[in-house]
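Tertiary structure, described
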Amino acid sequence: MAFPTETVYGLGADALSEQAVRAVFELKGRPAQNPLIVHVADAEMAKRLVTHWGEDAAALAKAYWPGPLSIVLPKASIVPGIVTGGGLNVAVRCPDHPLTLELLREFGGPLVGPSANLSGRLSPTAAEHVKAAFAPQQVLVLDGGPCRVGIESTVVSLAGSGVRVLRPGIIGANAIAKTLGKGVTYDDGPRFGVLESPGLLPSHYAPAARTVLAKGPGIAAAVAAAKGDAVVLVHGAAAPSARRVIILPAIAVDYASSLYAAMREADECHPSVIVVEEPTPTGDEDERAVWHAVLDRLRRAAA
Ligand code: AMP
Ligand code: MG
């Protein structure tokens, strides 16, 4: 079953059932070493999944749950290895969506919830996106409307030394540092080989069409190079004459919430290239954190 969250739609299955989780990997065509985020109804449910729920975990859950923050901690033995891609740590998160919180409470246990799309493709931010990817007999979709945040959760690791943001999201490292009263680093660069986080694959979140990032005069140049067959996504620059121009909001959080739907719309035109105006992170530190997360998705889409 697919469920709505404030970030993207998730593909739900009993997180404590190896068989159920295996079906999710198969359906998504997801590489087995890519761990899944485990969704919980509250901190109490999360505590059962980890060996140690310390002060930092408690402070983050209190400050941000329900919300778009996944916390990585050493896993308890009840969590099957398949959930964590064979790793020793598990990512837990309490999603901020009334339907899914109710589902979690009714079910009474944790659910895995990777994005409800085929592995590597654009994440779904509306029920229709999930229905376009899977047949009704494969996936039942709980329609909770469009996703408010629109990009995947921030993933922060409390396992290992130091607090590290493994995947940027709308909650930035600075905000987490303030909550914890200690330093937090971004550790979200492209990675090859052993994966700590699948969202860290250099190419991910990608439309089918070739995607390029461009700025200033580079936008018109990229459009010209495509000989009229480009679709352009702009949010500040003057719209060039292209086959289709999609205008995105200039405010970071609004940009994030419309990004994937806009990329889908661009992709549906089957252009030879999608040209995206590269955002310049501006504003206060919270806004810059959102732009950082957006840029991360754009770079992976363009990789
Ligand atoms: P998706 O379910 O498609 O949003 O992708 C799952 C994301 O969760 C990955 O990109 C990782 O960043 C993160 N993740 C899940 N489990 C773990 C874990 N055990 N350790 C580190 N990151 C994880
Ligand atoms: Mg995904």
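Below you will find a few notes about this structure. (Residues numbered from 1 in each chain as written. Chains lettered and ligands numbered in written order. Predicted model: local features only at pLDDT ≥ 70, side-chain atom pairs only at ≥ 80, totals over all residues. Heavy atoms only, no water.)

Attention now goes to the overall build of the chain. A count of helical and extended segments in the chain gives 9 helices and 14 strands. Here the C-alpha radius of gyration of the chain, 19 Å, is about what a compact globule of 303 residues would show, namely 19 Å. Each principal axis of the C-alpha distribution contributes one length, and for the chain these read about 55 × 50 × 35 Å. When the 303 residues of the chain are sorted by exposure, 54% land in the buried category. When the 27 positive and 29 negative side-chain charges of the chain are each reduced to one mean point, those points stand 4 Å apart. (Helix = DSSP H or I, 4+ residues; strand = E, 2+ residues; numbered from the N terminus. Rg over C-alpha atoms; globule rule 2.2 N^0.38 Å. Buried < 20%, exposed > 50% of the residue type's maximum accessible area, 1.4 Å probe, protein only. Lys, Arg positive; Asp, Glu negative; His and termini not counted. Charge placed at Lys NZ, Arg CZ, Asp CG, Glu CD.)

On to the nonpolar core, then. Judged by nonpolar contacts, the single largest core of 53 residues is most densely connected at Leu60, Trp65, Leu69, Ile71, Val112 and Ile176. Looking at which element gives the most residues to this core, the answer is helix H6 (residues 173-180), with 5 residues. Excluding anything up to four places from it in sequence, tryptophan 65 contacts Val40, Asp42, Ala43, Ala46, Trp53, Leu60, Ile71, Val92, Arg93 and Cys94. By size, the runner-up hydrophobic cluster in this structure holds 27 residues, among which are Val8, Ile151, Ala209 and Leu259. (Core = buried A, V, L, I, M, F, W, Y, C linked by side-chain atoms within 4.5 Å. Contact = heavy atoms within 4.5 Å.)

Our focus in this paragraph is the packing of helix H3 (residues 55-64) against H6. Orientation of H3 relative to H6, taken along the N-to-C sense of each, is 115 degrees, at an axis distance of 10 Å. As H3 packs across H6, the resulting crossing turns out to be right-handed. Contacts from Asp56, Ala59, Leu60, Ala63 and Tyr64 of H3 reach H6 at Ala175, Ile176, Thr179 and Leu180. Of the residues assigned to the contact of H3 with H6, the class counts are 7 nonpolar, 1 polar and 1 charged. (Axes fitted to C-alpha atoms, helices over the stretch in contact; angles between N-to-C directions. Left-handed = near helix turned anticlockwise from the far one by under 90°. Nonpolar A, V, L, I, M, F, W, Y, C, P; charged D, E, K, R; others polar.)

All right, on to the sheet that holds strand E11 (residues 211-214) then. Spatial strand order, E11-E14-E12-E13: 4 strands in an open sheet with parallel pairing. Edge positions in the sheet fall to E11 and strand E13 (244-247), since each has one partner strand and no second. Taking the axes of each pair of neighbouring strands and ignoring which way they run, one obtains an average angle of 20 degrees across the sheet. The pairing of strand E12 (residues 230-234) with strand E14 (residues 273-277) spans 4 bridges and is classified as parallel. The partner of alanine 230 across the bridge, within E14, is valine 273. (Pairing = 2+ DSSP bridges.)

What follows deals with the environment of asparagine 89. Within the element layout of this structure, asparagine 89 appears in strand E6 (residues 89-93). According to the relative accessible area criterion, asparagine 89 is partly exposed, its value standing at 32%. Through-space distance from the C-alpha of asparagine 89 to that of valine 294 is 26 Å; in sequence the pair is 205 residues apart. With residues up to four places along the chain from it excluded, the contact list for asparagine 89 reads Val72, Leu73, Pro74, Lys75, Thr84 and Ala159.

Counted under the stated rule, the structure contains 14 salt bridges. Close ionic contact of glutamate 265 with arginine 244 constitutes a salt bridge, the shortest N to O distance being 2.0 Å. With glutamate 265 in helix H8 (residues 252-268) and arginine 244 in strand E13, this residue pair connects regions lying 21 residues apart in the sequence. Relative accessible area serves as the criterion here: at 32%, arginine 244 is assigned to the partly exposed category. Ionic contacts of the salt-bridge type, sharing partners, join the residues Glu152, Asp296, Arg297 and Arg300 into one network. (Salt bridge = Lys/Arg side-chain N within 4 Å of Asp/Glu carboxyl O.)

Within E12, 5 of the 5 residues are buried, which leaves the element mostly enclosed by the surrounding structure. Bridge count for E12 against E13 is 4 bridges, and the pairing is parallel. The residue bridging valine 232 from the neighbouring strand is valine 245, located in E13.

Direction vectors running N to C along H8 and helix H9 (residues 285-302) enclose 20 degrees, while the axes themselves pass 9 Å from each other. When the interaxial angle is binned, H8 and H9 end up roughly parallel. For the crossing formed where H8 meets H9, the hand is left-handed. Contacts from Ala252, Val253, Tyr255, Ala256, Leu259, Tyr260 and Met263 of H8 reach H9 at Glu287, Val290, Trp291, Val294, Arg297, Leu298 and Ala301. (Parallel < 35°, antiparallel > 145°, perpendicular 65-115°, else oblique.)

Another aspect to go through is unusual backbone geometry. In most cases, non-glycine residues show a negative phi, while peptide bonds are predominantly trans. Cis geometry marks the peptide bond from tryptophan 65 to proline 66; its omega dihedral reads -10 degrees. Structurally, proline 66 can be placed in the loop between H3 and strand E5 (69-74). In this model, histidine 270 sits at a positive phi of 45 degrees, which is unusual for a non-glycine residue. On the basis of relative accessibility, which here comes to 67%, the residue histidine 270 falls in the exposed class.

Next up on the list: the layout of surface pockets. Computed from the structure, the second largest pocket encloses a volume of approximately 350 Å³. Residue lining of the second largest pocket: 17 residues in total, with Arg121, Leu122, Ala133, Arg264 and Asp267 positioned closest to the centre. Among the elements of the structure, helix H5 (127-133) and H8 are those that each provide at least two residues to the lining of the second largest pocket. No other element matches the 4 residues that H5 contributes to the lining of the second largest pocket. Here the residues of the lining of the second largest pocket sort into 9 nonpolar, 3 polar and 5 charged. (1 Å grid on protein atoms, 1.4 Å probe; cavity = no way out; pocket = protein on both sides within 12 Å on 5 of 7 lines; lining within 4 Å. Points joined across faces, edges and corners; volume = space filled by probe spheres on them.)

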